[in-house]
Amino acid sequence: MTDSPRPRDPRTALVDRWRDTLLAARSGAPGPDPLPYAENLLARWDEPQRRYHTTAHLTAVLDRIDTLAPYAADVHAVRLAAWFHDAVYRPDRTENEERSAALAERALPEAGVGEAVTAEVARLVRLTVTHDPAEGDGNGEVLCDADLAVLAGSPQEYAAYAAQVREEYGFVPDEAFRAGRADVLRQLLALPRLFRTPHGAEEWEARARHNLATELELLGSSSGPQ
């Protein structure tokens, strides 16, 4: 009887995914060892202030990009954008996406990625401010759908996500958090479409809207007199 293969360590799997993506994005051009760049990015994703925006979120986004890959014009750029889209994350600041895009603009040329791909990665990272890609922007649609797919989880998965978001904003008093979170939920529900790819629209839209509406209702009921 042969032993079944051991599952790969999640961190090792992420390093391998980074290496494969970076080498593909170089298109045969020479460049430095990918490993130090992976280690730097993973250290950022492991920072202690994070509860939701962790390597688990990064892995989930990369997995969803794999599912949505046929809709992307340059899936390697989209995967690189996933690595950078929350690489800079401080919940008490508003410029995280811009700083993450700037990090990509510094790091990727040094890592051997060409100017055009670097510019596309930075554009995609900045797009996660609004999650509102233009019609026909396949790369943007894939990244934004992959990032928002957490909204379409099971009730238990969505509750865990919402709790992690609250933990990241633990410095915000309850009443202020409820008001701010409710505003975000209403803005999302007011969008004509949460998901732009055909897969996202079919598989995730209805569940995501149900989850958002349920959380909004719960926030309203918890803000009344105790």
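Scroll up for the structure.
In this text, all values refer to a predicted model and were calculated from it rather than measured experimentally.

A. Representation of the overall build of the protein. When helices and strands are counted, the protein shows eleven helices and zero strands. Traced from its N-terminal end to its C-terminal end, the protein shows the element sequence α-α-α-α-α-α-α-α-α-α-α. Over its C-alpha trace the protein gives a radius of gyration of 18 Å, about what one expects of a compact globule, namely 17 Å for 226 residues. For the C-alpha atoms alone, the extent of the protein along its principal axes is close to 65 × 50 × 40 Å. Within the span of the protein, comprising 226 residues, buried residues form 47% of the whole.

B. Spatial organisation of the pattern of salt bridges. Within this structure, the stated rule accounts for 18 salt bridges. The residue arginine 51 makes a salt bridge to glutamate 167 at a minimum N-O spacing of 3.4 Å. Residue arginine 51 is located in the loop between helix H2 (35-45) and helix H3 (55-68), and its partner glutamate 167 is located in helix H8 (residues 155-168); the two are separated by 116 residues in the primary sequence. On the accessibility criterion, arginine 51 (38% relative accessible area) is partly exposed. Judged by relative accessible area, which is 48%, glutamate 167 ranks as partly exposed. For the salt bridge of arginine 186 with aspartate 183, the shortest nitrogen-to-oxygen distance reads 3.2 Å.

C. Focus on unusual backbone geometry. A positive phi angle, near 55°, is found at serine 27, a position not held by glycine. As for its placement among the helices and strands, serine 27 is situated in the loop between helix H1 (10-26) and H2. For serine 27, a relative accessible area of 65% gives the class exposed. Its identity as a non-glycine residue notwithstanding, histidine 131 has a phi of 50°, on the positive side. As for its position among the elements, histidine 131 is in the loop between helix H6 (115-127) and helix H7 (138-148). Given the relative accessible area of 18%, histidine 131 is considered buried.

D. Inspection of the nonpolar core at higher detail. Among the nonpolar cores identified, the biggest contains 64 residues, and Trp18, Ile65, Trp83, Phe84, Leu108, Val121 and Leu151 are the most heavily contacted of them. Sequence-distant contacts of leucine 108, that is, excluding residues within four places in its chain, are made with Trp18, Leu80, Phe84, Val113, Thr118 and Val121.

E. Main features of a positive patch on the surface. Residues Arg90, Arg93, Arg99 and Arg106 make up a contiguous surface patch of positive charge. Mapped onto the elements of the fold, arginine 90 is located in the loop between helix H4 (75-84) and helix H5 (96-110).

F. Quick peek at the packing of H8 against helix H9 (residues 174-190). It is at 12 Å that the axes of H8 and H9 come closest, and there the two elements cross at 125°. Between H8 and H9, the interaxial angle falls into the category oblique. The two elements H8 and H9 cross, and the hand of that crossing is right-handed. Only Asp174, Phe177, Arg181 and Leu185 of H9 make contact with H8, whose side of the interface consists of Tyr158, Tyr161, Val165 and Arg166.

G. Structural view of the side chain of aspartate 137. Relative to the assigned elements, aspartate 137 resides in the loop between H6 and H7. Within the structure, aspartate 137 has its side chain in polar contact with the side chain of arginine 123 (distance 2.9 Å). Dropping the residues within four chain positions of it, aspartate 137 is found in contact with Arg123 and Leu127.

H. The environment of leucine 189, seen in detail. Summarising the element assignment, leucine 189 is placed in helix H9. For the pair formed by leucine 189 and alanine 208, sequence separation is 19 residues and the distance between their alpha carbons is 9.2 Å.

Reading the values: rules and limits
Residues numbered from 1 in each chain as written. Predicted model: local features only at pLDDT ≥ 70, side-chain atom pairs only at ≥ 80, totals over all residues. Heavy atoms only, no water. Helix = DSSP H or I, 4+ residues; strand = E, 2+ residues; numbered from the N terminus. Rg over C-alpha atoms; globule rule 2.2 N^0.38 Å. Buried < 20%, exposed > 50% of the residue type's maximum accessible area, 1.4 Å probe, protein only. Salt bridge = Lys/Arg side-chain N within 4 Å of Asp/Glu carboxyl O. Core = buried A, V, L, I, M, F, W, Y, C linked by side-chain atoms within 4.5 Å. Contact = heavy atoms within 4.5 Å. Patch = residues over 30% accessible without salt bridge, like charges linked within 9 Å, V, L, I, M, F, W, Y side chains within 5 Å. Areas by Shrake-Rupley, 256 points an atom, 1.4 Å probe, with all protein chains shown as cover. Lys, Arg positive; Asp, Glu negative; His and termini not counted. Charge placed at Lys NZ, Arg CZ, Asp CG, Glu CD. Axes fitted to C-alpha atoms, helices over the stretch in contact; angles between N-to-C directions. Parallel < 35°, antiparallel > 145°, perpendicular 65-115°, else oblique. Left-handed = near helix turned anticlockwise from the far one by under 90°. Polar contact = N/O pair within 3.5 Å; in protein donor to acceptor, adjacent residues only side chain to side chain.

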